[in-house]
Amino acid sequence: MGKMQLEYSVRGAELSDLHKIMVLYKTVAARSGGIARHADEVTEAYVRNFIERCHETGIILTIEDPSNPEALIAEVHTCSPGIRVFSHLFSDLTIAVHPDYQDKGIGSLLFQTLLQEIELKHPEILRIELITKESNQKAIRFYKKFSFRAEGRLEKRISGKNGELEADIPMAWIRQERDPPL
């Protein structure tokens, strides 16, 4: 017998998920360096702010641990910058997958769901932006798999754990033009 396949399901995040998201982000920050913040920078105010912003002007999705509904194993969010000249884009895209659950397709499931939701429910969104550090080649490959493309380099923008400076890579997904119906 093969090992049992766990079922993962994506759902919208609520303000009641605040502490679960904090635990996830602190774990990711401490263990994998997958997010720019250090664990002590993952505060209740920071998490509350992005949950509320995404509820108002964006999307925030989570995946619960199938073996423990009190824990989240992944979260993604993006939202509008909040000014009219940027009303066609979502920015500040952030994804966090618990280190024990990375490389299992969970980030891909979350990203596919996010992009489907934007395609179906947000026709006004033509562009999604994110920034990732140059040394995070795993993340860059992941985003490229979902049609994000690098749009340059922000030299000496991000400080590494040892104080060395490296480039941040701005990336964007741009909605493909559809042919008009005949």
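All residue numbers refer to position in the chain's written sequence, counted from 1. It should be noted that, the model being predicted, local features are given only for residues of pLDDT at least 70 and side-chain atom pairs only at 80 or more, the latter also being counted only at that level, while totals for whole chains, interfaces and linings use all residues. Hydrogens and waters are ignored; side-chain quantities use all the structure's heavy atoms.

A. Summary view of the overall build of the protein chain. A tally of regular secondary structure across the protein chain gives 4 helices and 8 strands. Starting at the N terminus and ending at the C terminus, the protein chain contains elements arranged as β-α-α-β-β-β-α-β-α-β-β-β. Over its C-alpha atoms the protein chain spans a radius of gyration of 17 Å, differing by no more than 12% from the 16 Å that the globule rule assigns to 182 residues. Across its three principal axes, the protein chain shows a C-alpha extent of roughly 50 × 45 × 35 Å. Out of the 182 residues in the protein chain, the part that is buried amounts to 44%. Starting at the N terminus, helices and strands are each numbered in turn, a helix being any DSSP run of H or I of at least four residues and a strand any DSSP run of E of at least two. The atom set for the radius of gyration is the C-alpha atoms, and the globule formula is 2.2 Å times the number of residues raised to the power 0.38. Burial here depends on accessible area, computed with a 1.4 Å probe over protein chains only, as a share of the maximum for the residue type. Under 20% is buried, over 50% is exposed, and the range in between is partly exposed.

B. Spatial organisation of the packing of helix α1 (residues 18–31) against helix α2 (residues 44–57). As a packed pair, α1 and α2 sit with axes 10 Å apart at the nearest point and diverge in direction by 115°. The two elements α1 and α2 meet at a crossing, and its hand is right-handed. Where α1 approaches α2, its residues L18, H19, I21, M22 and Y25 are matched on the opposing element by E44, Y46, V47, R48, F50 and I51. Note on residue categories: nonpolar means Ala, Val, Leu, Ile, Met, Phe, Trp, Tyr, Cys or Pro, charged means Asp, Glu, Lys or Arg, and polar means any other residue, Gly included. Considered class by class, the residues forming the contact of α1 with α2 number 8 nonpolar, 1 polar and 2 charged. Lines fitted to the C-alpha atoms define the axes, with helices restricted to the stretch that makes contact. Angles between their N-to-C directions range from 0 to 180 degrees. Take the far helix as the reference: if the near one is turned anticlockwise from it by less than a right angle, the crossing is left-handed, and if turned clockwise, right-handed. Contact definition: two residues touch when any of their heavy atoms are within 4.5 Å.

C. Inspection of the environment of P99 at higher detail. Among the secondary structure elements, P99 is positioned in the loop between β4 (89–97) and α3 (106–121). A relative accessible area of 18% places P99 in the buried class. Between the C-alpha atoms of P99 and A29, which are 70 residues apart in sequence, the distance is 9.7 Å.

D. The packing of α3 against helix α4 (residues 137–145), seen in detail. Orientation of α3 relative to α4, taken along the N-to-C sense of each, is 40°, at an axis distance of 11 Å. Comparing the axis directions of α3 and α4 gives the class oblique. When you trace α3 past α4, the crossing you get is right-handed. Along the contact surface, α3 presents G107, S108 and F111, while α4 presents F142, Y143 and K145. Per-class residue counts for the contact of α3 with α4 are 3 nonpolar, 2 polar and 1 charged. Any angle that is under 35 degrees is reported as roughly parallel, and any over 145 degrees as roughly antiparallel; angles of 65 to 115 degrees are reported as roughly perpendicular and all others as oblique.

E. Representation of unusual backbone geometry in the model. The phi dihedral of D92 is positive, around 55°, even though this residue is not glycine. Within the secondary structure, D92 sits in strand β4. Take D92: its relative accessible area is 44%, and that puts it in the partly exposed class. Backbone geometry at D103 places phi at a positive 65°, although glycine is not the residue there. Within the fold, D103 resides in the loop between β4 and α3.

F. Up close: the packing of aromatic side chains. Each Phe, Tyr or Trp ring (for Trp, its six-membered ring) is paired with any other whose centre lies within 6.5 Å, and the angle between the two planes then decides the class: stacked below 30 degrees, edge-to-face above 60, tilted in between. Per the stated rule, a full pass over the model turns up 10 aromatic pairs. Between F111 and F146, the aromatic rings sit 5.2 Å apart at their centres with planes inclined by 50°, giving tilted as the arrangement. Remark: F146 occurs in the loop between α4 and β6 (149–150) and F111 occurs in helix α3; sequence separation between them is 35 residues. Like F146, F111 is buried. Chaining the aromatic ring pairs together yields one cluster made of F111, F142, Y143, F146 and F148.

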